[in-house]
Amino acid sequence: MGNVEFSTDKDAAVLAQELNCMKSMVTLILKAMGQADAGKVIMKMEKYITELEDPAQAEVFSNTIKQITFAYRQ
């Protein structure tokens, strides 16, 4: 997963919109899955974060997962 490169715009505002879209999409997918499966996905995402070698990247991923989890519970 970490080796996949996605093309993105260089403009920070466009990147922010893309990120917001992705967070919303993940949240909606989790809500559509149901509580048991969504919980498994969140746990796997949290486990993936612990396996990241770059602490800065792990921190960004962790904050993103927290935001998605919060939105999921709304």
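Since the model is a prediction, treat every value here as computed from it, not as a measurement. (Residues numbered from 1 in each chain as written. Predicted model: local features only at pLDDT ≥ 70, side-chain atom pairs only at ≥ 80, totals over all residues. Heavy atoms only, no water.)

Asker: Can you walk me through the overall build of the chain in this structure?
Answerer: Within the chain, the regular secondary structure consists of 3 helices and 0 strands. Helices and strands in the chain line up, N terminus first, as α-α-α. Once the C-alpha set of the chain is aligned to its principal axes, its extents read approximately 35 × 25 × 20 Å. Accessible surface computed for the chain: about 6,000 Å², of which carbon and sulfur atoms make up 60%. Computed over 8 positive and 10 negative side-chain charges, the separation of the two mean positions in the chain equals 10 Å. (Helix = DSSP H or I, 4+ residues; strand = E, 2+ residues; numbered from the N terminus. Areas by Shrake-Rupley, 256 points an atom, 1.4 Å probe, with all protein chains shown as cover. Lys, Arg positive; Asp, Glu negative; His and termini not counted. Charge placed at Lys NZ, Arg CZ, Asp CG, Glu CD.)

Asker: Just to check I follow, could you spell out helix α2 (residues 35-51) for this structure?
Answerer: In an α-helix there are 3.6 residues to a turn, and that puts residues three or four apart on one side. For α2, spanning 17 residues, the distance from its first C-alpha to its last is 25 Å, which sits close to the expected 24 Å at 1.5 Å a residue. A38, I42 and I49 are the residues of α2 that are buried. Down the axis of α2, the smallest arc covering the buried residues is 40°, so these residues share one side. Of the exposed residues in α2, those oriented more than 90 degrees away from the buried face are A36, K40, M43, K44, K47 and T50. (Expected span 1.5 Å × (residues − 1). Buried < 20%, exposed > 50% of the residue type's maximum accessible area, 1.4 Å probe, protein only. Arc of directions from axis to C-beta.)

Asker: Help me out: how do you make sense of the environment of L19 in this one?
Answerer: Following the sequence through the fold, L19 ends up in helix α1 (residues 12-33). According to the relative accessible area criterion, L19 is partly exposed, its value standing at 43%. In sequence terms L19 and T69 are 50 residues apart; their C-alpha atoms lie 15 Å from each other.

Asker: Where do I start with helix α3 (residues 55-73) in this structure?
Answerer: The end-to-end C-alpha separation of α3 is 27 Å, in line with the 27 Å expected for 19 residues at 1.5 Å each. Every buried residue belonging to α3 is among A58, S62, T64, I65, I68, T69 and Y72, and all of these are buried. Among the structural elements, α1 and α2 are those in contact with the buried residues of α3. Structurally, the start of α3 carries an N-cap: the backbone nitrogen of A56 is 3.1 Å from a side-chain oxygen of D54. (Contact = heavy atoms within 4.5 Å. Polar contact = N/O pair within 3.5 Å; in protein donor to acceptor, adjacent residues only side chain to side chain.)

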